[in-house]
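Below, each chain spelled out in residue letters.
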Amino acid sequence: YYNPLFIPSCQRFILVGSPGSGKTTLAHAIASKLECPAILIPASSLLGHFRNHTANNISAALEQYKHMSHHIVIIIDEVHK
């Protein structure tokens, strides 16, 4: 079964907190500690105005990273907006 959105992952988590509480900074610190590059994707860049447009944007954004030979940390910032 081929899933075009499949990116092998050991862990996935969501950081929740007030603005300015350090969520993005913590995500970057985790990437640094793991010695992995951090990729920051603003959630607003993924939103679409038409049916399936957002899903297509997410697929396109993740597609470029799925063939990387090393681990990466993908941060999708401001998902709640």
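Just above, that's the structure.
Residues numbered from 1 in each chain as written. Predicted model: local features only at pLDDT ≥ 70, side-chain atom pairs only at ≥ 80, totals over all residues. Heavy atoms only, no water.

1. Section: the overall build of the protein chain
Secondary structure assignment for the protein chain yields two helices and two strands. If you list the helices and strands of the protein chain from N to C, you get α-β-α-β. By residue count, 20% of the 81 residues in the protein chain fall in the buried class. Nonlocal contacts in the protein chain, meaning residues at least 24 apart in sequence, comprise 66% of its contacts between residues at least 6 apart. As displayed, the protein chain has an accessible area near 6600 Å², and 59% of this comes from carbon and sulfur atoms. (Helix = DSSP H or I, 4+ residues; strand = E, 2+ residues; numbered from the N terminus. Buried < 20%, exposed > 50% of the residue type's maximum accessible area, 1.4 Å probe, protein only. Contact = heavy atoms within 4.5 Å. Areas by Shrake-Rupley, 256 points an atom, 1.4 Å probe, with all protein chains shown as cover.)

2. Re the nonpolar core
Residues I39, I41, L46, A61, Y65 and I72 constitute the largest nonpolar core, which totals six residues. Ignoring any residue separated from it by four or fewer positions in sequence, one finds A61 in contact with I41 and L46. A31, C36, V73 and I75 belong to the second-largest nonpolar core, a separate cluster that totals five residues. (Core = buried A, V, L, I, M, F, W, Y, C linked by side-chain atoms within 4.5 Å.)

3. Considerations on the pairing of strand β1 (residues 38-42)
Burial along β1 is one-sided: I39 and I41 are buried, and none of A38, L40 and P42, which face the opposite way, are. Relative to strand β2 (residues 73-77), β1 runs parallel, the two being bridged by five bridges. Bridged to A38 within β2 is V73. (Pairing = 2+ DSSP bridges.)

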